[in-house]
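Topology and contacts: notes
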Amino acid sequence: QGPAGVVTPLAHLWLTKSSSQSYPNAGVPTVIQYDIPQYDTMGSFDPVNYAFIAPRDGFYLVDVGFYLATTPTWSFSMVYKSTNGGGSWAYVMRNVSGSGQQNKLVNVLFLNAGDLIAHYANVSNGGATVNVSVTSLTYFRVAEMIGL
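Keep in mind that this is a model prediction, so the values were computed, not measured. (Residues numbered from 1 in each chain as written. Predicted model: local features only at pLDDT ≥ 70, side-chain atom pairs only at ≥ 80, totals over all residues. Heavy atoms only, no water.)

Some words on the overall build of the chain
Tallying secondary structure elements over the chain gives zero helices and 13 strands in all. Mapped in sequence order, the helices and strands of the chain form the string β-β-β-β-β-β-β-β-β-β-β-β-β. Taking all 148 residues of the chain together, 39% fall into the buried category. Relative to all contacts within the chain whose residues are 6 or more apart in sequence, the contacts with residues 24 or more apart total 74%. Accessible surface computed for the chain: about 7100 Å², of which carbon and sulfur atoms make up 54%. (Helix = DSSP H or I, 4+ residues; strand = E, 2+ residues; numbered from the N terminus. Buried < 20%, exposed > 50% of the residue type's maximum accessible area, 1.4 Å probe, protein only. Contact = heavy atoms within 4.5 Å. Areas by Shrake-Rupley, 256 points an atom, 1.4 Å probe, with all protein chains shown as cover.)

Points about the side chain of Asp46
In this structure, Asp46 sits in strand β5 (residues 45–46). There is no salt bridge for the buried Asp46, and the closest opposite charge comes from Lys17, which lies 15 Å off by N-O distance. Here the side chain of Asp46 touches Asn49 through a polar contact of 2.7 Å, side chain to side chain. Here Asp46 is in contact with Ala51, Ile53 and Leu116, once residues within four sequence places are set aside. (Lys, Arg positive; Asp, Glu negative; His and termini not counted. Salt bridge = Lys/Arg side-chain N within 4 Å of Asp/Glu carboxyl O. Polar contact = N/O pair within 3.5 Å; in protein donor to acceptor, adjacent residues only side chain to side chain.)

Side note on the nonpolar core
One finds Phe52, Val62, Val79, Leu111, Ile117 and Phe140 to be the most contacted residues of the largest nonpolar core, which totals 23 residues. Of all the elements in the fold, those that place two or more residues in this core are β1 (12–16), β7 (58–66), β10 (103–111), β11 (116–124) and β13 (139–144). Here this core gets four residues from one element, more than from any other, and that element is β7. In this view, Val62 contacts Val79, Met93, Leu105, Val106, Asn107, Leu109, Ile117, Phe140 and Arg141; residues no more than four positions away in its chain are not counted. (Core = buried A, V, L, I, M, F, W, Y, C linked by side-chain atoms within 4.5 Å.)

Some points on the packing of aromatic side chains
For the structure shown, the criterion picks out seven aromatic pairs. Site record: aromatic cluster; members linked through ring pairs are Tyr80, Trp89, Tyr91 and Tyr120. (Phe/Tyr/Trp six-rings, centres within 6.5 Å; stacked < 30°, edge-to-face > 60°.)

Notes on the confidence of the model for the chain
Per-residue confidence for the chain averages 80 on the pLDDT scale, and 72% of its residues sit at or above 70. When mean pLDDT is compared element by element in the chain, strand β6 (residues 51–53) scores highest at 95, while strand β12 (residues 130–132) scores lowest at 67. (pLDDT = per-residue confidence, 0-100.)

Description of the side chain of Ser82
Structurally, Ser82 can be placed in strand β8 (residues 74–82). In this structure Ser82 touches Gly87, Ser88, Trp89, Asp115 and Leu116, once residues within four positions along its chain are discounted.

Remarks on unusual backbone geometry
A positive phi angle, near 55°, is found at Tyr50, a position not held by glycine. Within the secondary structure layout, Tyr50 lies in the loop between β5 and β6. Here Tyr50 falls in the partly exposed class, since its relative accessible area comes to 21%.

Some thoughts on the environment of Glu144
On the secondary structure map, Glu144 appears in strand β13. Given the relative accessible area of 7%, Glu144 is considered buried. Sequence separation between Glu144 and Leu10 is 134 residues; the distance between their C-alpha atoms is 5.9 Å. Once you skip the residues sitting within four places of it in the chain, Glu144 turns out to touch Pro9, Leu10, Ala11, His12, Pro55, Arg56, Phe59 and Tyr60. Polar contacts involving the side chain of Glu144 include one to the side chain of Arg56, which spans 2.6 Å.

Things to note about the sheet that holds β10
Reading across from one edge, β4-β1-β13-β7-β10 is the order of the five strands in this open sheet, with antiparallel pairing throughout. The sheet is open, and its two edges are formed by β4 (36–40) and β10, each paired on a single side. Strand-to-strand, the axes of this sheet are offset by a mean angle of 10°, without reference to chain direction. Pairing of β7 with β13 involves six bridges; the strand directions are antiparallel. Within β13, the position partnered with Val62 by the bridge is Val142. (Pairing = 2+ DSSP bridges. Axes fitted to C-alpha atoms, helices over the stretch in contact; angles between N-to-C directions.)

Next up, the structure:
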């Protein structure tokens, strides 16, 4: 709640994909191009950067899932952060998985108002291009935490 009992709306975002996306083999980490907000309570989705924009300073629960249509040699799923919407991105969460596994990350991050976070991936498949699968196993969710 805000001042004088006013309820402050919290930011909640859940993104999915409408189509598969190709990834070059073991290239530079590439943003997952989410294009369907299942819900976006505060208008926090940035469709240019495929990112969540923190509406205010606070703690946010971040939950991402990544599944590949082609079995890779390995894959990284990463959450990158851009401080105060600047041009510099750095990873703040990362996980690696082997062949045929869902890659999932869950963590609590402190974000300042205007910080962006986005879900990136890097994959290797012995020189071949890999496609991200469009299933319920590939998603990007962020929930602003209450009372922190």
